[in-house]
Amino acid sequence: MNPPTPTPPPTRPTGADPAEPPALTERQEERRRRILRAATQSARRGGFDAVQMREVAETAQVALGTLYRYFPSKVHLLVAMMQDQLRHLHATLHQQPPATDEPAARVAETLKRAFRSLRREPHLADAMVRALTFADRSVSAEVDTVLRLTTAIILDATGLEGEPTPQQLSTVRVIEHTWLLGLINWLAGRASLEQVEADLATVSRLVRDA
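Residues numbered from 1 in each chain as written. Predicted model: local features only at pLDDT ≥ 70, side-chain atom pairs only at ≥ 80, totals over all residues. Heavy atoms only, no water.

> Now, about the pattern of salt bridges: what can you tell me, with residues and values included?
Tallied over the full model, the rule gives eleven salt bridges. The closest approach of N and O atoms between Arg-34 and Glu-30, which form a salt bridge, is 2.4 Å. Here the residue Arg-34 and the residue Glu-30 both occupy positions in helix α1 (residues 26-46), the gap between them amounting to four residues, near one helical turn. Exposure remark for Glu-30: the relative accessible area of 37% places this residue in the partly exposed category. Its salt-bridge partner being Asp-84, residue Arg-87 comes within 3.5 Å of it at the nearest N-O pair. Highlighted residues: Arg-87 and Asp-84, both in helix α4 (residues 74-95), separated by three residues, approximately one helical turn. A relative accessible area of 18% means that Arg-87 is categorised as buried. Each of Arg-32, Arg-33, Asp-84 and Arg-87 takes part in one network of salt bridges that share partners. (Salt bridge = Lys/Arg side-chain N within 4 Å of Asp/Glu carboxyl O. Helix = DSSP H or I, 4+ residues; strand = E, 2+ residues; numbered from the N terminus. Buried < 20%, exposed > 50% of the residue type's maximum accessible area, 1.4 Å probe, protein only.)

> Just give me the short version of the packing of aromatic side chains, but keep the residues and values in it.
One pass over the full model with this rule turns up two aromatic pairs. For the ring pair Phe-48 and Phe-134, a centre distance of 5.2 Å and an interplane angle of 80° mean the geometry is edge-to-face. Taken together, the positions of Phe-48 in the loop between α1 and α2 (53-60) and Phe-134 in helix α6 (residues 122-134) put the pair 86 residues apart, joining distant regions of the chain. The interplanar angle of 80° and the centroid separation of 5.6 Å between the aromatic rings of Phe-115 and Trp-186 together place this pair among those described as edge-to-face. Taken together, the positions of Phe-115 in helix α5 (residues 103-119) and Trp-186 in helix α8 (residues 166-187) put the pair 71 residues apart, joining distant regions of the chain. Overall, the relative accessible area of 0% leaves Phe-115 in the buried class. (Phe/Tyr/Trp six-rings, centres within 6.5 Å; stacked < 30°, edge-to-face > 60°.)

> I'd love a proper account of the nonpolar core, names of residues and values included.
Among the nonpolar cores identified, the biggest contains 56 residues, and Ile-35 and Leu-77 are the most heavily contacted of them. With ten residues, α4 is the single largest residue contributor to this core. Contact partners of Ile-35, with chain neighbours within four places excluded, come to Val-56, Ala-60, Val-62, Leu-67, Tyr-70, Phe-71 and Leu-77. (Core = buried A, V, L, I, M, F, W, Y, C linked by side-chain atoms within 4.5 Å. Contact = heavy atoms within 4.5 Å.)

> Any chance you could break down the packing of α5 against helix α7 (residues 140-158) for me, citing the residues and the numbers?
Following both chains from N to C, one finds α5 and α7 inclined at 145°, their axes separated by 7 Å at the closest point. In the crossing of α5 with α7, the sense of the turn from one axis to the other is right-handed. Contact with α5, carried on its side by Pro-103, Arg-106, Val-107, Thr-110 and Leu-111, involves Ile-153, Ile-154, Asp-156, Ala-157 and Thr-158 of α7 and no other residues of that element. Grouping the amino acids of the contact of α5 with α7 by side-chain chemistry returns six nonpolar, two polar and two charged. (Axes fitted to C-alpha atoms, helices over the stretch in contact; angles between N-to-C directions. Left-handed = near helix turned anticlockwise from the far one by under 90°. Nonpolar A, V, L, I, M, F, W, Y, C, P; charged D, E, K, R; others polar.)

Now the structure itself:
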């Protein structure tokens, strides 16, 4: 049976922070959280393939049509999980920032902490990363939010004040790509933890010249 035609939940107001989730009522937000918790449980158990929309709906105690209104596909759902993981990491880093004042070292420590937080649950990390790689244009807004959150985390680590220059943003993008590729390679068994962390330390030094 084909899923019902998706109808997205209420959109964010014009001018709102694009890294923030759409404005929802308290009841809608509670329902969204239930859906994300149910999907996270499935992903932790068996990765991308273990997340089945009908099972997620049953676990979250919502109708399948309701699930598709919030998340039009499994990829949308898993990318939303990645957004939540990054928001949690960003908040944690604000509460417990890297101890050093040197920008490159701060960025390196931030990236390593982000990587370690994901590698503690490899099935969950694999599910979210596969969703990012599978995402097509229909998920572009959600993927863009993931990138904006990652950019914000790295920029905070640099200690930069004011608006970043184009050169600084280009540097951040290179750092983001290295971090994501390192995670992908580690999940696929093509890189060791030590190799990934060495690469992250190397690429973090780019902030000195930005």
